Amino acid sequence: MRGEALNYDEHVLAGILTYPIAIFLLAALDIHLGLPIDLTFMAMALGYIFYVIGSDLPDVDHPEALIHRIAKPFVAVAVGISFFKNLGPTLYLTPYAAANLALAWSGAALAAVAGWNLFRFLMPDHRGVVHSTVFAAVYALFAFAVVRFGFDVAVGEALFIASASFLGYCLHLLLDRGSDFLR
């Protein structure tokens, strides 16, 4: 580290390597406290994905971070797709279907550019509010909603995935604190 903050590779590799510890902690809590989580293969596989993503996700607030550079176009395209899905069918500006389709996607592209700029405008300073356990909880709730309602996994599996997401995000925060301490 040589007195500098951890980079993308170090955060992600830490996530990859420490997932067994997260499994142990969550399994122990399940066994000893009776948490309503299900440690199925699917839950643990999806939990691994969300855990490792979470191990770098707090750096989404750093404009040079890979996660930021991936998230910004993803958000922009999602805004564009949402525009097209919700408003595209209402844009009948010409008697030609192909022209209307192209115009609707032109509107979606403009909405995507607005989403790109809004993402940039709303993103806080690096190591600001995004580097907090509050956002770890937001990420966990997001993960729960995505897998529970988007992919229709069982509640216990979704709770496991959300817990793994929270722990992965917190791993990043812990590693940042450790690298600050070593400076």
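Now for a description of the structure that goes with this document.

Details of the overall build of the protein
Piece 1. Helix and strand counts for the protein stand at six helices and zero strands.
Piece 2. Taken from the N to the C terminus, the helices and strands of the protein come in the order α-α-α-α-α-α.
Piece 3. Along the first, second and third principal axes, the C-alpha atoms of the protein reach 65 × 40 × 25 Å.
Piece 4. Once local pairs closer than 6 in sequence are excluded, the contacts in the protein between residues at least 24 apart make up 76%.
Piece 5. Accessible area of the protein: about 10800 Å², with a carbon and sulfur share of 74%.
Piece 6. The average position of the 9 basic charges and that of the 14 acidic charges among the side chains of the protein differ by 8 Å.

Some details on the nonpolar core
Piece 1. Core analysis: the biggest nonpolar cluster contains 35 residues, and Tyr19, Val60, Phe160, Ile161 and Tyr169 have the highest contact counts within it.
Piece 2. Only α1 (8–33), α2 (41–54), α3 (66–87), α5 (133–150) and α6 (155–182) provide two or more residues apiece to this core.
Piece 3. A total of nine residues in this core trace back to one element, the largest contributor, which is α6.
Piece 4. Ignoring anything within four residues of it in the chain, the contact list for Val60 reads Ile67, His68, Ala71, Phe119, Met123 and Val130.

Some details on the packing of aromatic side chains
Piece 1. Applying the stated criterion to the full structure yields six aromatic pairs.
Piece 2. Pairing Phe84 with Trp105 gives two aromatic rings, centres 4.1 Å apart and planes at 15°, and the pair type is stacked. Remark: Trp105 occurs in helix α4 (residues 97–122) and Phe84 occurs in helix α3; sequence separation between them is 21 residues.
Piece 3. Take Trp105: its relative accessible area is 41%, and that puts it in the partly exposed class.
Piece 4. Pairing Phe144 with Phe149 gives two aromatic rings, centres 6.3 Å apart and planes at 80°, and the pair type is edge-to-face.
Piece 5. Members of the aromatic cluster, connected to one another through ring pairs, are Tyr19, Tyr48 and Tyr51.

Quick notes on the packing of α3 against α4
Piece 1. With their axes 7 Å apart at the nearest point, α3 and α4 run at an angle of 140° to one another. As summarised for this structure, α3 and α4 are arranged oblique, according to the angle between their axes. With respect to the hand of their crossing, α3 and α4 are arranged in right-handed fashion. Residues His68, Ala71, Lys72, Pro73, Val75, Ala76, Val79, Gly80, Ile81, Phe83 and Phe84 of α3 pack against Leu101, Ala104, Trp105, Gly107, Ala108, Ala111, Ala112, Gly115, Trp116, Phe119 and Arg120 of α4.

Quick word on unusual backbone geometry
Piece 1. Here Asp152, not a glycine, exhibits a phi torsion of approximately 55°, which is positive.
Piece 2. By secondary structure assignment, the location of Asp152 is in the loop between α5 and α6.

Description of α3
Piece 1. The first and last C-alpha atoms of α3 sit 32 Å apart over 22 residues, in line with the 32 Å expected at 1.5 Å per residue.
Piece 2. Every buried residue belonging to α3 is among Ile67, His68, Ala71, Lys72, Ala76, Gly80 and Phe84, and all of these are buried.
Piece 3. Summarising the contacts, the buried residues of α3 are in contact with α4.

How each quantity is defined
- Along each chain, residues carry numbers from 1 onward, in the same order as the chain's sequence is written.
- Where totals are concerned, whole chains, interfaces and linings use all residues; where local detail is concerned, this predicted model gives features only for residues with pLDDT of at least 70, and gives and counts side-chain atom pairs only at 80 or more.
- With hydrogens and water stripped out, all remaining heavy atoms of the structure feed into the side-chain values.
- Secondary structure counts use DSSP, requiring at least four H or I residues in a row for a helix and at least two E residues in a row for a strand, with both numbered from the N terminus.
- Note on definitions: a residue-residue contact is assigned when non-hydrogen atoms from the two residues lie within 4.5 Å.
- For every accessible area listed, the method is Shrake-Rupley and the probe measures 1.4 Å; residues are considered covered only by the protein chains on display.
- Two residue types count as positive, namely Lys and Arg, and two as negative, namely Asp and Glu; His and chain ends fall outside the count.
- Charge positions come from single atoms, namely NZ of Lys, CZ of Arg, CG of Asp or CD of Glu.
- Buried Ala, Val, Leu, Ile, Met, Phe, Trp, Tyr and Cys residues that are joined via side-chain atoms within 4.5 Å together make up what is termed a nonpolar core.
- Accessible area is worked out with a 1.4 Å probe on protein chains only. A residue is then buried under 20% of its type maximum, exposed over 50%, and partly exposed in between.
- Between 30 and 60 degrees the pair is tilted, below 30 it is stacked and above 60 it is edge-to-face, where a pair is any two Phe, Tyr or Trp rings, Trp via its six-membered ring, whose centres lie within 6.5 Å.
- Interaxial angle, 0 to 180 degrees, is taken between N-to-C directions of lines fitted to C-alpha atoms, where a helix line uses only the stretch in contact.
- Here is the rule for angles: anything less than 35 degrees is roughly parallel, anything more than 145 is roughly antiparallel, 65 through 115 is roughly perpendicular, and the remaining ranges are oblique.
- Note on convention: the crossing is left-handed when the near helix lies turned anticlockwise from the far helix by less than a right angle, right-handed when the turn is clockwise.
- Multiply 1.5 Å by the residue count of a helix minus one, and that product is the helix's expected span.

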